Amino acid sequence: MRYALPAAAITAAAAIVTSALLAACGSDNQPAAATQPADTVNQTAVAFMSDVHFENIYGDLKSTQFAGIPTKDGKNATIRTMYAQLTSTRLFNENYFAFRAALDDAYSKGLRLVALPGDISDDAQPINIDGLTDILHEYQAKGMRFFIAPGNHDPNEPFDDDEAGKNDFLTKDGKEQKIYAVNNAACKARDPAVVCTNQLMEQGYDKLLTKLAEFGYAPNKNDVYWETPFTTYADGKYSYDAAAAAADLSKRKFEICSEGEGGKYKVAGKTYSRCASIIDASYLVEPVKGVWLLALDANVHVPNANFDPANPTAFKGFDNAGDAGWNKVQTHKIHQMEWIKSVAARAKAQGKQLMAFSHYPTMDFYANQTDAMKAVFKPGAFQVTRMPAAATTAALAATGLPLHIGGHMHFNGSNDYKDSAGNYLVNVQSPSLAVFGAAYKIVSYQSKDVIDVQTVGLNSVARHNELFPLYQVEYDYLQGSSAAGDVAKRWNRSILDSKSYGEFTRTYFGELSRLRFMSDYWPCEMKEAAMSLDARQMLILSQLQTKVTLAQLKDNPSVLPITATCAAKGAASGDSVAASQLTADWATATAKAEQVAAAANLKLADFAKISAYEFYGDFHRTVYAGELALRDMGAERVAQYKVLMNAFPASPAAIVKIGDQLSDQNPVQVAFQSQFKQVFAILKGLGSGKPSDHFTIDLKAQKLSNASSSALSFN
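- Under the annotation held in an unreviewed UniProt entry, the protein carries the name Metallophosphoesterase and is attributed to Duganella margarita.

So this is what it looks like as structure tokens:
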């Protein structure tokens, strides 16, 4: 099939804003922001906006059963519940406004090239992809160009899923509504509680690349150059017509098997099973002379035990790509690795400004704290299964690729890798627009060897509170219901007092931590301590030396708010002391803590401002936002955390266990000092990684340098 590019796409690069366009309306019939063009247009800088997770909050579900929530201005809000948002690692609704704000800001800065490293949608549903396309067309008409790389949410599976749906759309009564695609079992059974519409199906590659063709997946007549991993041009001569022919989806497929890539990459003597033909959506484009954007499809959908050779396009026959990432590319997309090496070599030889981007990180995204996090938290916590292996990073660096911008983890961060052969690869994690630390990156080459990276935060977002009255109805319903399921879904109403998008996402992350992360990631006794102690109590506990045990806390409960609930019962030793001794020992530790705080020109009493809720919220905000989280904390809180990071004993006493469980005969301070010394060491590492706000990459010197003199750090 051939792509038919709209005229707007063909002329987009040269389009000039007019007053009429500034008054244009978006897909929600709301006036687009009257963003003024910059005095100068930066033709070569690129804005990277990752993990938009766009949901068309005023989209048409095309259902007679449910049209959404009628609003006072005549629209229908097709939104998810606040509870759904507060227990997800991405927002579903407000990022609609954040995306517009990011586009407006980029446009006002003179940026015209925008790269979207995957997860552009909620789950590639027609209602969302169509709504996103409307917005991209709107900004494309102003002169912006868009380049998409696929993420694991678009597509969720390589082929259409017509059974998908969501359980948590919000009704006008504040309740949840299930909405599924028509082939879902509940729809086939005519369940009256379920709304059925194919606007909620999840589209595969074929539909997505056809709908989104003009956003990089197919060539534009204004492009200097365009190719795919499978492209060959006669006599090496580029032409738009030849590129358009190469964009045909039938020419962009490779064989994938359960054991690895098939075709010419099959290893002699090795057995291959469950083989299928799948699209690789990767492409290389030169939208303006000298700039090469390498959009990499690092999705690897491995055929699984449900794969049916008689029905090879059935979506259930493939694994989701979420945990696979670049690790699986090494074995299942060998052709792509070879192509990357070719592109990198040609870019270097031709002096092109190469910027590669995909949905997945190419190296450690936890500021090299991954091993420590595995040792401290629950198995699998913090999605460590998504971590690229060291061998994967080495293989990517060996291709000669200098720069990669990734997403997927919704993190802000940077890391680099150099090998003995002189290869140097920098990975920049572009944060999501749908979480705390919402931001986009501006990447521009200052010279052949120096790249400038700026992080633009989205604190102020127009209309961020537009849906708050609808959430109030949900809140009231949950507060008024005595059903156990509803009681469990109650959330903190203070989020509806948010005065900005930045404040909204900050509170969202506090609630996400409380409602999900603490139970999912933190071992029992660590969760209790983190959710009970303020920073003042933590500093005192770091200095405490007592023989009073966890089992005795019940006999002197007024000193500190932790218990032996998470501990196994052990036999008391002969040298035990009275529980009342804890009061005196706590007083001694308090005096020591006051001295520790004073040495840093701080007051112990002020540490109490960091409540338990603030502490564990700060921890998770730093996991996601890195350097940006410290900016949110402010200098005083950063200084307080630095005191805690250095307050613990050099060698904490070993924890006594009964099997795998903490013994209640441990002295009160032992588990805390051992475990939270590591927690604060991880926090320090996460907040002191490679520069990730405004920095430069020197490819020749092979180093990252902070370009901001005001950057905060835990170092």
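Moving on, there is more to tell.
1. Looking at the overall build of the protein
Next up, step 1: Within the protein one finds 23 helices and 24 strands.
Next up, step 2: Oriented by its inertia axes, the alpha-carbon framework of the protein measures out at about 85 × 65 × 60 Å.
Next up, step 3: Across the 715 residues that make up the protein, the buried fraction comes to 59%.
Next up, step 4: Intrachain contacts of the protein at a sequence separation of at least 6 include 74% that bridge at least 24 residues.
Next up, step 5: Carbon and sulfur atoms form 50% of the exposed surface of the protein, whose accessible area is close to 26900 Å².

2. Some remarks on empty space enclosed by the protein
Using a probe with the size of a water molecule, rolled over the atoms, empty space left in the structure can be pinpointed.
Next up, step 1: Under the counting rule described, the total for this entry stands at 6 cavities of 30 Å³ or more.
Next up, step 2: Considered as a void within the structure, the largest cavity measures approximately 140 Å³ in volume.
Next up, step 3: Lining the largest cavity are 16 residues, with Glu525, Leu550, Ile562, Leu662 and Ala671 positioned closest to its centre.
Next up, step 4: Contributions of two or more residues to the lining of the largest cavity are made by helix H17 (524–530) and helix H23 (670–686).
Next up, step 5: With 4 residues, the top contributor of residues to the lining of the largest cavity is H23.
Next up, step 6: Residues of the lining of the largest cavity, tallied by class, amount to 12 nonpolar, 2 polar and 2 charged.
Next up, step 7: For the second largest cavity, the calculated volume is near 60 Å³.
Next up, step 8: In the lining of the second largest cavity, the residues fall into 5 nonpolar, 4 polar and 2 charged.

3. Some words on the sheet that holds strand E16 (residues 403–406)
Next up, step 1: Ordered by their spatial adjacency, 7 strands build an open sheet running E9-E13-E14-E15-E16-E18-E17, and the pairing between neighbours is mixed. The sheet is open, and its two edges are formed by strand E9 (225–227) and strand E17 (413–418), each paired on a single side. Between one strand axis and the next, the sheet turns by 15° as a mean value, whatever way the strands run.
Next up, step 2: As paired strands, E16 and strand E18 (residues 424–429) are joined by 4 bridges and run parallel to one another. Note on E18: the bridge partner recorded for Leu403 is Val426.
Next up, step 3: The strands touched by helix H11 (residues 334–350) are E9, strand E13 (283–286), strand E14 (291–295) and strand E15 (353–357); relative to E14, the strand with the most contacts, the crossing angle is about 175°.

4. A short note on helix H13 (residues 390–398)
Next up, step 1: Inspection of H13 places Thr392, Thr393, Leu396 and Ala397 among the buried residues, and these make up the whole buried set. In an axial view of H13, the angular spread of the buried residues amounts to 135°, which keeps them on one side of the axis. Along H13, the residues that are exposed and aim more than 90 degrees away from the buried face are Ala390 and Ala391.
Next up, step 2: Turning to H13, the residues buried within the fold contact helix H10 (325–332), H11, E17 and E18.
Next up, step 3: The positive-phi residue at the C-terminal boundary of H13 is Gly400, with phi of around 90°.

5. Regarding the UniProt feature "domain: Calcineurin-like phosphoesterase" (unreviewed entry) in the protein
Next up, step 1: When the UniProt feature table is mapped onto this chain, "domain: Calcineurin-like phosphoesterase" (unreviewed entry) is found at residues 46–173.
Next up, step 2: Structurally, residues 46–173 comprises 27% helix and 20% strand, and the distance from its first C-alpha atom to its last is 44 Å.

6. Let's talk about the pattern of salt bridges
Next up, step 1: Under the defined criterion, the tally for this structure stands at 36 salt bridges.
Next up, step 2: Of the charged contacts, one joins Arg80 and Asp122 as a salt bridge, the two residues approaching to 3.2 Å between their closest N and O atoms. Here Arg80, found in the loop between strand E3 (76–77) and helix H3 (82–86), pairs with Asp122, found in the loop between strand E4 (111–117) and helix H5 (126–140); they are 42 residues apart in sequence, far enough to count as distant.
Next up, step 3: Given the relative accessible area of 3%, Arg80 is considered buried.
Next up, step 4: Several salt bridges converge on common partners, so that one network encompasses Glu55, Arg80, Arg90, Asp122, Asp123, Lys166 and Asp168.

7. Considering the packing of aromatic side chains
Here a ring pair, both rings aromatic, is described through the centre-centre distance and the interplanar angle of the planes.
Next up, step 1: A complete count under the given rule lists 44 aromatic pairs for this structure.
Next up, step 2: Ring centres of Tyr217 and Tyr283 lie 5.7 Å apart, and the angle between their planes is 75°; this geometry places the pair in the edge-to-face category. You can see Tyr217 sitting in helix H8 (residues 213–217) and its partner Tyr283 sitting in strand E13, a full 66 residues away along the chain. Neither residue differs from the other here; Tyr217 and Tyr283 are each classed as buried.
Next up, step 3: An angle of 50° between the planes, with centres 5.7 Å apart, marks the rings of Phe377 and Phe619 as tilted. In this pair, Phe377 is assigned in the loop between helix H12 (370–376) and H13 and Phe619 in helix H20 (residues 612–625), connecting sequence segments 242 residues apart. Grouping residues by exposure puts Phe377 and Phe619 together as buried.

8. A look at the layout of surface pockets
Next up, step 1: Approximately 600 Å³ is the volume attributed to the largest pocket.
Next up, step 2: Around the largest pocket, the lining is made up of 21 residues, and of these Lys348, Gly400, Pro402, Asp449 and Leu699 lie nearest the centre.
Next up, step 3: Counting residues per element, the lining of the largest pocket draws most heavily on H11, which supplies 5 residues.
Next up, step 4: Tallied by class, residues from the lining of the largest pocket come to 8 nonpolar, 7 polar and 6 charged.
Next up, step 5: Two domains each put at least three residues into the lining of the largest pocket: domain 1 (215–430) and domain 2 (522–706).

9. Thoughts on the state of the cysteines
Simply put, the disulfide is a covalent bond whose two ends are the sulfur atoms of two cysteines.
Next up, step 1: Tallied over the full model, the rule gives 3 disulfides.
Next up, step 2: With its sulfur 2.1 Å from that of its partner, Cys187 forms a disulfide with Cys196. Measuring handedness by torsion sign, the sulfur bridge of Cys187 and Cys196 sits at about -105° and is left-handed.
Next up, step 3: Residue Cys196 is classed as partly exposed on the basis of its relative accessible area of 21%.
Next up, step 4: Disulfide partner of Cys257: Cys275, at an S-S distance of 2.1 Å.

Basis of the calculations
Counting starts from 1 at the beginning of each chain's written sequence and moves along it residue by residue. Per-residue local features of the predicted model are confined to residues with pLDDT of at least 70, and side-chain atom pairs are confined, for both listing and counting, to 80 or more; whole-chain, interface and lining totals are unaffected and use all residues. Values shown for side chains rest on all heavy atoms present in the structure; no hydrogens or waters enter the calculation. Runs of H or I in DSSP of at least four residues are treated as helices and runs of E of at least two as strands, each being numbered from the N terminus. Summary of the burial criterion: residues with accessible area below 20% of their type's maximum are buried, those above 50% are exposed, and those between are partly exposed, where the area comes from a 1.4 Å probe applied to protein chains only. Contacts are assigned to residue pairs that have any heavy atoms within 4.5 Å of one another. Here, Shrake-Rupley sampling with a 1.4 Å probe gives the accessible areas, and only protein chains in the shown set may cover a residue. Buriedness of a pocket was judged along seven lines, with at least five required to meet protein on both sides within 12 Å; pockets are open sets of points on a 1 Å grid over the protein atoms alone, cavities are sets where a 1.4 Å probe fits but cannot get out, and lining residues have an atom within 4 Å of a point. Grid points are joined across faces, edges and corners, and a volume is the space filled by probe spheres set on the points. Residues are grouped as follows: Ala, Val, Leu, Ile, Met, Phe, Trp, Tyr, Cys and Pro are nonpolar; Asp, Glu, Lys and Arg are charged; every other residue, Gly included, is polar. By definition, two strands form a pair when at least two bridges between them are found by DSSP. All axes here are fitted lines through C-alpha atoms, helices being fitted over the stretch that makes contact, and every angle between N-to-C directions spans 0 to 180 degrees. Read the arc as the range of directions from the helix axis to the C-beta atoms. UniProt positions are given in the numbering used here, feature names are shortened, and annotations may be inferred rather than shown by experiment. Salt bridges are defined by distance alone: a side-chain nitrogen of Lys or Arg within 4 Å of a carboxyl oxygen of Asp or Glu. Any two rings among Phe, Tyr and Trp, with Trp reduced to its six-membered ring, count as a pair given centres within 6.5 Å; such a pair is stacked if its planes are under 30 degrees apart, edge-to-face if over 60, and tilted if neither. Boundaries between domains were set according to an automatic or database domain assignment. Any two cysteine sulfur atoms within 2.5 Å of one another count as a disulfide.

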